[in-house]
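Here is how the chains run, residue by residue.
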Amino acid sequence: MRRVIATLSLSLAVLGTAACGDTPTTEAGPGTSAAPSASAPAAAAGTADKKTTCAAYEKAEVAAKTAVVNLFGEAVKSMDDKAKLQQVAADLKKTMTDFGAALGTAAANSADTEVKAALEANIAALTNAAAAIESAAGDFDKASNAMDAPEFEAATKKIEALCAA
């Protein structure tokens, strides 16, 4: 039942984000490597303005949330298949890692220091979520709970508030 509720709430989040996505988007990069570490030194300021950086964030967020909703759907279908649930948990970790990499690209390109700092906080939360998903050792309930961390929600609210302003 928790999975169904999580799926529904994530679906609503995707719809809410998609409804606000009327700004032009830019390519955030494929992000196939591990999420940047929160302790990595800050790169030199990029040249992208706030609007461009926020568009890259929003594009990456919509892609990640869409993938998460699809993964939760797969988890619901696979409730009795432990091997499939383990694969879904692995795919969830990859989604979080890819999202963190896309945000790393957006942060590196950002000239707005406040937006860049918010993106870096979000990357740190994603890195922690990915680590928690990995430590769940294929337990999909534990893996999905990793995304409910308060720091992840706070970081998301901060960047969304900055981008809405």
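See the structure printed just above.
None of the values given here were measured: they were computed from a predicted structure.

Visitor: What is the right way to read the overall build of the chain from this model?
Guide: The number of helices and strands found in the chain is 6 helices and 0 strands. When its helices and strands are written in sequence order, the chain yields α-α-α-α-α-α. Accessible surface, the chain as shown: approximately 8600 Å² in total, 60% of it carbon and sulfur.

Visitor: Sorry, what's going on with helix H4 (residues 113–135) here?
Guide: In an α-helix, one turn spans 3.6 residues; hence positions three or four apart end up facing the same way. With 23 residues, H4 extends 33 Å from end C-alpha to end C-alpha; this agrees with the ideal 33 Å at 1.5 Å per step. Within the sequence span of H4, burial applies to Val 115, Lys 116, Ala 118, Leu 119, Asn 122, Ile 123, Ala 124, Ala 125, Leu 126, Ala 129, Ala 130 and Ile 133. At its buried positions, H4 is contacted by helix H2 (50–77), helix H3 (82–109), helix H5 (140–145) and helix H6 (150–164). The N-cap residue of H4 is Asp 112: its side-chain oxygen and the backbone nitrogen of Glu 114 are 3.0 Å apart.

Visitor: Whenever I open this one, the nonpolar core confuses me. Can you help?
Guide: For soluble globular proteins, nonpolar side chains are generally found buried alongside one another. Membership of the largest hydrophobic core comes to 37 residues, with the highest contact counts inside it found for Leu 92, Met 96, Phe 99, Leu 103, Leu 119, Phe 140 and Ile 159. Contributing elements (two or more residues each) for this core: H2, H3, H4, H5 and H6. Of the residues forming this core, the biggest block, 10 residues, is contributed by H3. Setting aside its immediate chain neighbours within four residues, Phe 99 contacts Tyr 57, Ala 60, Glu 61, Ala 64 and Leu 126.

Visitor: Before we go on, may I ask you to explain the packing of H3 against H4 in this structure?
Guide: A packed helix pair is summarised by two numbers, namely the angle formed by the two axes and the spacing between the axes. Put simply, H3 and H4 touch, their axes get as near as 9 Å, and they point 160 degrees apart. By the angle class used here, H3 and H4 are roughly antiparallel. In the crossing of H3 with H4, the sense of the turn from one axis to the other is left-handed. Of H4, the residues touching H3 (which contributes Ala 89, Leu 92, Lys 93, Met 96, Thr 97, Phe 99, Gly 100, Leu 103, Gly 104, Ala 106, Ala 107 and Ala 108) are Lys 116, Leu 119, Glu 120, Asn 122, Ile 123, Leu 126, Ala 130, Ile 133 and Glu 134.

Visitor: Sorry, what's going on with the state of the cysteines here?
Guide: Throughout this description, disulfide means a covalent bond between two cysteine sulfur atoms. Per the stated rule, a full pass over the model turns up 1 disulfide. Between the sulfur of Cys 54 and that of Cys 163 lies a disulfide, 2.0 Å long from S to S. Negative torsions about the S-S bond denote left-handed disulfides, and the value of about -85 degrees found for Cys 54 with Cys 163 makes this one left-handed. With a gap of 109 residues between them, Cys 54 in helix H2 and Cys 163 in helix H6 connect regions that are remote in the sequence. You'll find Cys 54 and Cys 163 in the same group, each marked buried.

Visitor: When you look at the pattern of salt bridges in this model, what are you seeing that I'm missing?
Guide: Any two side chains of opposite charge can pair, given that their charged atoms come close. Evaluation of the coordinates by the stated rule reveals 6 salt bridges. Of the charged contacts, one joins Lys 77 and Glu 74 as a salt bridge, the two residues approaching to 3.4 Å between their closest N and O atoms. Note that Lys 77 and Glu 74 are positioned in helix H2 at a spacing of 3 residues, about one turn of the helix. The class of Lys 77 is exposed, set by a relative accessible area of 67%. In this structure, the salt-bridge partner of Glu 114 is Lys 158, at a minimum N-O distance of 3.9 Å. Of the two residues, Glu 114 is situated in helix H4 and Lys 158 in helix H6; the sequence distance between them amounts to 44 residues. Lys 158 sits in the partly exposed class, given a relative accessible area of 43%.

Rules used in this analysis
Residues numbered from 1 in each chain as written. Predicted model: local features only at pLDDT ≥ 70, side-chain atom pairs only at ≥ 80, totals over all residues. Heavy atoms only, no water. Helix = DSSP H or I, 4+ residues; strand = E, 2+ residues; numbered from the N terminus. Areas by Shrake-Rupley, 256 points an atom, 1.4 Å probe, with all protein chains shown as cover. Expected span 1.5 Å × (residues − 1). Buried < 20%, exposed > 50% of the residue type's maximum accessible area, 1.4 Å probe, protein only. Contact = heavy atoms within 4.5 Å. Polar contact = N/O pair within 3.5 Å; in protein donor to acceptor, adjacent residues only side chain to side chain. Core = buried A, V, L, I, M, F, W, Y, C linked by side-chain atoms within 4.5 Å. Axes fitted to C-alpha atoms, helices over the stretch in contact; angles between N-to-C directions. Parallel < 35°, antiparallel > 145°, perpendicular 65-115°, else oblique. Left-handed = near helix turned anticlockwise from the far one by under 90°. Disulfide = S-S within 2.5 Å. Salt bridge = Lys/Arg side-chain N within 4 Å of Asp/Glu carboxyl O.

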